[in-house]
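Descriptive structure summary
Residue strings, one per chain:
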Amino acid sequence: PLGHVGLFVAASALLPRAALLVASAPAAIKAASRGRLLSWPVVCAVGFPMWARETGQWWVQSTARHISWWYVHELRKVFGTTRGDRGPMANFLAAVAAQASRP
């Protein structure tokens, strides 16, 4: 839910200001070289409410049961199901554990 919009809002709320400046520096340099450095505030001011409204409709239109089901489904895709098949994160953690146990 909220996709990349939620990710960026969370990052901007949680990361220290210096980390945000370092993370945004490559894009700012590229925008400045193309003469578009000052256009991003307009894009964000117009786009953010629209993007948040589009992705936020899912929360409004879904029931609590459906939202819970979605989260469980997404976590099972990452970590694997209870039937023994493993997701990519479980495979990664198993590989790390096997690597760590080697002398």
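Our structure's up above, just so we're on the same page.
Not measured: the values here are computed from a predicted model.

1. Section: helix H3 (residues 40-61)
Taking 1.5 Å per residue, 22 residues should reach 32 Å; H3 reaches 31 Å between its end C-alpha atoms and fits that length. Maximum bend of H3: about 35°, positioned at Gly47, with proline Pro49 one to four residues after it.

2. Section: the packing of aromatic side chains
Aromatic ring pairs: the centre-centre distance and the angle between the two ring planes describe each pair. One pass over the full model with this rule turns up one aromatic pair. A centroid spacing of 5.1 Å and a plane angle of 85° characterise the contact between Trp70 and Tyr71, whose relative ring orientation is edge-to-face. A relative accessible area of 36% means that Tyr71 is categorised as partly exposed.

3. Structural notes on the packing of helix H4 (residues 64-79) against helix H5 (residues 88-101)
It is at 4 Å that the axes of H4 and H5 come closest, and there the two elements cross at 35°. Side by side, H4 and H5 meet where Lys77, Val78 and Phe79 of the first sit next to Pro88, Met89 and Ala90 of the second. Class assignment for the residues of the contact of H4 with H5 results in five nonpolar, no polar and one charged.

4. Concerning a nonpolar patch on the surface
Residues Leu75, Val78, Phe79, Met89, Phe92, Leu93 and Val96 make up a contiguous nonpolar surface patch of about 620 Å² in total accessible area. Ranked by residue count, the leading element in the nonpolar patch is H5, at four residues. Inspection of the secondary structure puts Phe79 in helix H4. Under the relative-accessibility criterion, Phe79 is labelled partly exposed at 46%.

Definitions and limits used
- Residues numbered from 1 in each chain as written.
- Predicted model: local features only at pLDDT ≥ 70, side-chain atom pairs only at ≥ 80, totals over all residues.
- Heavy atoms only, no water.
- Helix = DSSP H or I, 4+ residues; strand = E, 2+ residues; numbered from the N terminus.
- Expected span 1.5 Å × (residues − 1).
- Bend = angle between axes of the 7 residues up to and from the residue.
- Phe/Tyr/Trp six-rings, centres within 6.5 Å; stacked < 30°, edge-to-face > 60°.
- Buried < 20%, exposed > 50% of the residue type's maximum accessible area, 1.4 Å probe, protein only.
- Axes fitted to C-alpha atoms, helices over the stretch in contact; angles between N-to-C directions.
- Contact = heavy atoms within 4.5 Å.
- Nonpolar A, V, L, I, M, F, W, Y, C, P; charged D, E, K, R; others polar.
- Patch = residues over 30% accessible without salt bridge, like charges linked within 9 Å, V, L, I, M, F, W, Y side chains within 5 Å.
- Areas by Shrake-Rupley, 256 points an atom, 1.4 Å probe, with all protein chains shown as cover.
- Salt bridge = Lys/Arg side-chain N within 4 Å of Asp/Glu carboxyl O.

Nothing here speaks to function; it is all geometry.
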